[in-house]
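# Residue-level structure breakdown
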Amino acid sequence: MFTPTLTGVADRSHLLAPTVNLETHINDVVNLIRWEELSDVVLCGHSYGGCVVSGAADRIPDRIGALVYLDAFVLEDGESLHQMLPGSDRNAQMDGALGSGEGWKVPPIPAEAFQVNAQDAAWVNRQCTVQPIGTFQQPLKLTGGLGTIANVTFILATGYEATPFPQFYQRAKAKGWKTLEIACGHDVMLDQPEALTRMLMEAK
C-alpha cells in the first residue's frame, strides 16, 4: 500500500510554493506509480484528492485496476474545484488566503466542520497545513484515458450536513459507476476505517 503525500502539504510542506497546483499533485501520483512500477492499482482519492486521481488515472489508465472516489470531487475536463464549490465556501477560501496567506495559501478547514470523531479531531487539526490556491483554481485537463477505466466507485459520506459531495454522487450514478454510502463524517478513513478497508478491498 502506498499513501503519497502531495507536494507542499503535511510532511512535504517544506516544498510549499505559489507555483504548486493541481498538475503538480497529479504528477506526484503518476510518478509514484511509474517509479514503483505498480500495476492493477486501486487508486483512491479523498475530497480534493478526487481531482488528483482523475488526472492521474487519465494519464496512465493502463496501470489502474479500479478507481475509487471517497467523498470526493469528480470534475469534468476544464472544470476546477473552485467552480464546483458553493460560493460561500469558495469566498471563505479566498478570504483566508488574502487575509493570512499572502494571497495564495489557503488555511485548512477545521476538523469540526467535517464531523471528525471526537477522539481524532484534535489530532487532525494539529496535522493540517495550508494548501496553495492554485490546486483549487487550476482546471483539470483530461484527454480521454479516464473514460476507458471500467471499474469506478464513488463512496458518499452521509454523516455531516455541510457537504458539497451529493452532486458528485449523482454525477457518478449518471456515469453508471458503482455508488455506495457510509454513515459518518467526511474523514471516512478515521471514522470508519474497517468498513472503508472492506470497500477498497472489494472495489476490484
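Now for a look at the structure at hand. (Residues numbered from 1 in each chain as written. Predicted model: local features only at pLDDT ≥ 70, side-chain atom pairs only at ≥ 80, totals over all residues. Heavy atoms only, no water.)

### A look at the side chain of Asp71
- Mapped onto the secondary structure, Asp71 falls in the loop between strand S2 (64–70) and helix H3 (81–84).
- Buried charge Asp71 goes without a salt bridge, the closest partner of opposite sign being Lys173 at 13 Å.
- Only 2.8 Å separates the side chain of Asp71 from the side chain of Tyr160, close enough to count as a polar contact.
- Here Asp71 is in contact with Ser47, Phe154, Ile155, Leu156, Ala157, Tyr160, Phe165 and His186, once residues within four sequence places are set aside. (Helix = DSSP H or I, 4+ residues; strand = E, 2+ residues; numbered from the N terminus. Buried < 20%, exposed > 50% of the residue type's maximum accessible area, 1.4 Å probe, protein only. Lys, Arg positive; Asp, Glu negative; His and termini not counted. Salt bridge = Lys/Arg side-chain N within 4 Å of Asp/Glu carboxyl O. Polar contact = N/O pair within 3.5 Å; in protein donor to acceptor, adjacent residues only side chain to side chain. Contact = heavy atoms within 4.5 Å.)

### Remarks on the nonpolar core
- Counting residues in each nonpolar core, the largest one holds 62 residues, and the members touching the most others are Leu43, Leu67, Tyr69 and Phe154.
- By residue number, the principal contributor to this core is S2, which donates six residues.
- With near-sequence residues (within four places) excluded, Leu67 lies in contact with Leu43, Val53, Ala57, Leu146, Ile149, Asn151, Val152 and Thr153. (Core = buried A, V, L, I, M, F, W, Y, C linked by side-chain atoms within 4.5 Å.)

### Examining the pattern of salt bridges
- Counted according to the given criterion, the structure contains seven salt bridges.
- Of the charged contacts, one joins Arg12 and Asp28 as a salt bridge, the two residues approaching to 3.5 Å between their closest N and O atoms. Of this pair, Arg12 sits in the segment before helix H1 (22–35) while Asp28 sits in helix H1, and the two are 16 residues apart along the sequence.
- On the basis of relative accessible area, Arg12 is assigned to the partly exposed category, the value being 25%.
- A relative accessible area of 16% means that Asp28 is categorised as buried.
- Among the salt bridges present, the one from Glu102 reaches Lys105, with a minimum N-O distance of 2.8 Å.
- Take Glu102: its relative accessible area is 62%, and that puts it in the exposed class.
- One connected set of salt bridges, linked through shared partners, spans Glu76, Glu79, Arg171 and Lys175.

### Here we look at the packing of aromatic side chains
- All told, the structure shown has seven aromatic pairs when counted by the stated rule.
- Aromatic pair Phe154 and Tyr169: ring centres 6.1 Å apart, planes at 65°, arrangement edge-to-face. On the criterion of sequence distance, the pair formed by Phe154 in strand S5 (residues 152–157) and Tyr169 in helix H7 (residues 166–174) is long-range, its members being 15 residues apart. One exposure class covers both Phe154 and Tyr169, and it is buried.
- Members of the aromatic cluster, joined through ring pairs, are Phe73, Phe165 and Phe168. (Phe/Tyr/Trp six-rings, centres within 6.5 Å; stacked < 30°, edge-to-face > 60°.)

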